[in-house]
Amino acid sequence: MLILITYDVSVISDGGTRRLRRIAKICQDYGQRVQNSVFECEVDPAQFTMLKNELLENYDSDEDSLRFYMLGKKGRQRVEHFGAKATSDVASDALIL
């Protein structure tokens, strides 16, 4: 299923920059960045649970914001993209090693 994750991490507070890097790294482990604080993640339900738990353990609920949009199994078909920074479809694009 396709999950869209957005976040806003306060870098003004103590440890904010470190939290921002950790949250971005966790999201990169599961998907691809499509905008600065927006990731598309193609995961199964178990992976989503792990991803969500990792993110919730690393954000500050008093300072930061996390949003999860569940687009479902056919979510990729619902995405329209215009402009710069076209993203690749991990599920169907060729992988060259």
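One can find the structure itself at the top, above this paragraph.
What comes next is a walk through the structure. The shown structure was predicted, so the numbers you read here are calculated from the model rather than taken from an experiment.

Some details on the overall build of the protein chain
Then comes step 1: Of regular secondary structure, the protein chain possesses 2 helices and 4 strands.
Then comes step 2: Going from the N terminus to the C terminus, the protein chain shows its helices and strands as β-α-β-β-α-β.
Then comes step 3: Counting only residues that meet the buried cut, the protein chain has 30% of its 97 residues in that class.
Then comes step 4: Put simply, of all contacts in the protein chain between residues at least 6 apart along the chain, 65% involve residues at least 24 apart.
Then comes step 5: Split by element, the accessible area of the protein chain, about 6,800 Å² in all, is 50% carbon and sulfur.

So, helix H2 (residues 45-58)
Think of an α-helix as 3.6 residues a turn; residues three or four steps apart then line up on the same face.
Then comes step 1: Taking 1.5 Å of rise per residue, 14 residues should cover 20 Å, and H2 covers 20 Å from first to last C-alpha, within 8% of that figure.
Then comes step 2: Turning to H2, its buried residues number three or more, namely Phe48, Leu51, Leu55 and Asn58. Buried residues of H2, seen end-on, are gathered within an arc of 105° and therefore sit on one face of the element. Turned more than 90 degrees away from the buried face of H2, the exposed residues are Pro45 and Glu57.
Then comes step 3: The secondary structure elements touched by the buried residues of H2 are strand S1 (2-8), helix H1 (16-30), strand S3 (38-42) and strand S4 (65-72).

A short note on the sheet that holds S1
Then comes step 1: Pairing in this open sheet of 4 strands is antiparallel, and the strands run S2-S3-S1-S4 from one edge to the other. The sheet is open, and its two borders are formed by strand S2 (31-35) and S4, each paired with just one other strand. The average angle at which neighbouring strand axes cross in this sheet is 25°, direction not considered.
Then comes step 2: Direction of pairing for S1 relative to S3: antiparallel, over a ladder of 5 bridges. Across the sheet, residue isoleucine 3 finds its bridge partner in S3, namely cysteine 41.
Then comes step 3: The strands touched by H2 are S1, S3 and S4; relative to S4, the strand with the most contacts, the crossing angle is about 170°.

Points about the side chain of aspartate 64
Then comes step 1: By secondary structure assignment, the location of aspartate 64 is in the loop between H2 and S4.
Then comes step 2: Within polar-contact distance, the side chain of aspartate 64 engages the backbone nitrogen of serine 10 at 3.0 Å.
Then comes step 3: In this structure the side chain of aspartate 64 is engaged in a polar contact, spanning 2.7 Å, whose partner is the side chain of arginine 19.
Then comes step 4: Not counting residues within four places of it along the chain, the set of residues in contact with aspartate 64 comprises Asp8, Val9, Ser10, Arg19 and Tyr59.

Conventions used here
Residues numbered from 1 in each chain as written. Predicted model: local features only at pLDDT ≥ 70, side-chain atom pairs only at ≥ 80, totals over all residues. Heavy atoms only, no water. Helix = DSSP H or I, 4+ residues; strand = E, 2+ residues; numbered from the N terminus. Buried < 20%, exposed > 50% of the residue type's maximum accessible area, 1.4 Å probe, protein only. Contact = heavy atoms within 4.5 Å. Areas by Shrake-Rupley, 256 points an atom, 1.4 Å probe, with all protein chains shown as cover. Expected span 1.5 Å × (residues − 1). Arc of directions from axis to C-beta. Pairing = 2+ DSSP bridges. Axes fitted to C-alpha atoms, helices over the stretch in contact; angles between N-to-C directions. Polar contact = N/O pair within 3.5 Å; in protein donor to acceptor, adjacent residues only side chain to side chain.

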